Amino acid sequence: MLKIFLIGMMGSGKSYWKQELTKLCKTGGYDLDFIIEAEEEKTIAEIFEENGEPYFRKSEAKLLRWFGEKKAFVLATGGGTPCFHDNMNWMNQQGTTIWIDEPLDTLVSRLLPEKSHRPLIAHLNDMQLYHFLENKLAERRAFYSQSTHHLQGNTIQLKAFKKIINSYA
Ligand code: S3P
């Protein structure tokens, strides 16, 4: 009956690992960004553009709290989720947080081809993207590092997650 919150930068593979862990734990898997989009009936890019980031962060925090009612799940959070509205504390009180911490080069190569729907980076070239991510990570490290577990490197494998999950069995 684990509540797993996957956290980390954009492009760190939270959605991919959510799918893998959902199969492994035979539990429900969710993506906080998709829930916000469904609730607001807008894309994340539209919410940022039409309502602004503070509105997005409020909506994100409100919808995150919905998981307080649920018993077991794997949730891929958004890259900024841990850094606003006391979300990191709340997630740690609710369940297990796992920080997926991939190298910046890996994030850049994954994000470049699909940056258009990510409002914070849509306008950046590869060098700008690298510096943006470097600065964001420096800001966010204080939040991410409060995670229960920290998986680091560019060869994170399922067995690392299995080890964490088995430690709760
Ligand atoms: C954001 C990351 C995005 C999304 C929004 C803001 C961020 O989620 O929530 O564009 O602040 O890093 P992903 O990490 O799933 O890309």
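Keep in mind it's a predicted model, so treat the numbers as computed, not measured.

**Student:** If you had to explain the site of the ligand to someone new, which residues and values would you point to?
**Tutor:** With respect to spatial proximity, 13 residues lie near the ligand, and among them K14, D33, R57, G79 and R140 are the closest. Within the side chain of K14, a nitrogen or oxygen atom sits 2.7 Å from an oxygen atom of the ligand. Here the ligand has 380 Å² of accessible area as a free molecule, and 95% of this is covered by the chains. Per-class residue counts for the shell around the ligand are five nonpolar, three polar and five charged.

**Student:** How would you summarise the sheet that holds strand β1 (residues 3-7) if you had to cite specific residues and measurements?
**Tutor:** The sheet built from five strands is open, its strands ordered β2-β3-β1-β4-β5 with parallel pairing. Of all the strands in the sheet, the pair left with one neighbour each is β2 (28-31) and β5 (149-152). Direction aside, neighbouring strands of the sheet carry axes that sit 20 degrees apart on average. Across four bridges, β1 lies against strand β3 (residues 73-76) in parallel orientation. The partner of K3 across the bridge, within β3, is F73. Where helix α5 (residues 87-94) meets the sheet, its contacts fall on β1 and β4 (96-101), and the angle it forms with β1 comes to roughly 150 degrees.

**Student:** Describe the environment of F161, and please don't skip the residues or the numbers.
**Tutor:** Tracing the chain through its elements places F161 in helix α8 (residues 158-166). Put simply, F161 and M9 are 152 residues apart on the chain and 18 Å apart in space, counted from C-alpha to C-alpha. Not counting residues within four places of it along the chain, the set of residues in contact with F161 comprises L6, W17, L21, I98, I100, L151 and I156.

**Student:** Describe the side chain of S147, naming the residues involved and giving the relevant values.
**Tutor:** Within the secondary structure layout, S147 lies in the loop between α7 (126-144) and β5. Engagement of the side chain of S147 in a polar contact is seen with the backbone oxygen of Y144, the distance being 2.6 Å. Once you skip the residues sitting within four places of it in the chain, S147 turns out to touch I7, M88, N92, T97 and W99.

**Student:** Explain the layout of surface pockets to me, and be specific about the residues and the numbers.
**Tutor:** One number sums up the size of the largest pocket: a volume of about 720 Å³. Lining of the largest pocket is provided by 36 residues; of these, M10, G11, S15, D33 and R118 occupy positions nearest its centre. Here the element with the most residues in the lining of the largest pocket is helix α1 (residues 14-25); it accounts for four residues. Of the residues belonging to the lining of the largest pocket, the class tally is 14 nonpolar, eleven polar and eleven charged.

Cut-offs applied
- Residues numbered from 1 in each chain as written.
- Predicted model: local features only at pLDDT ≥ 70, side-chain atom pairs only at ≥ 80, totals over all residues.
- Heavy atoms only, no water.
- Near = heavy atom within 4 Å.
- Polar contact = N/O pair within 3.5 Å; in protein donor to acceptor, adjacent residues only side chain to side chain.
- Areas by Shrake-Rupley, 256 points an atom, 1.4 Å probe, with all protein chains shown as cover.
- Nonpolar A, V, L, I, M, F, W, Y, C, P; charged D, E, K, R; others polar.
- Pairing = 2+ DSSP bridges.
- Helix = DSSP H or I, 4+ residues; strand = E, 2+ residues; numbered from the N terminus.
- Axes fitted to C-alpha atoms, helices over the stretch in contact; angles between N-to-C directions.
- Contact = heavy atoms within 4.5 Å.
- 1 Å grid on protein atoms, 1.4 Å probe; cavity = no way out; pocket = protein on both sides within 12 Å on 5 of 7 lines; lining within 4 Å.
- Points joined across faces, edges and corners; volume = space filled by probe spheres on them.

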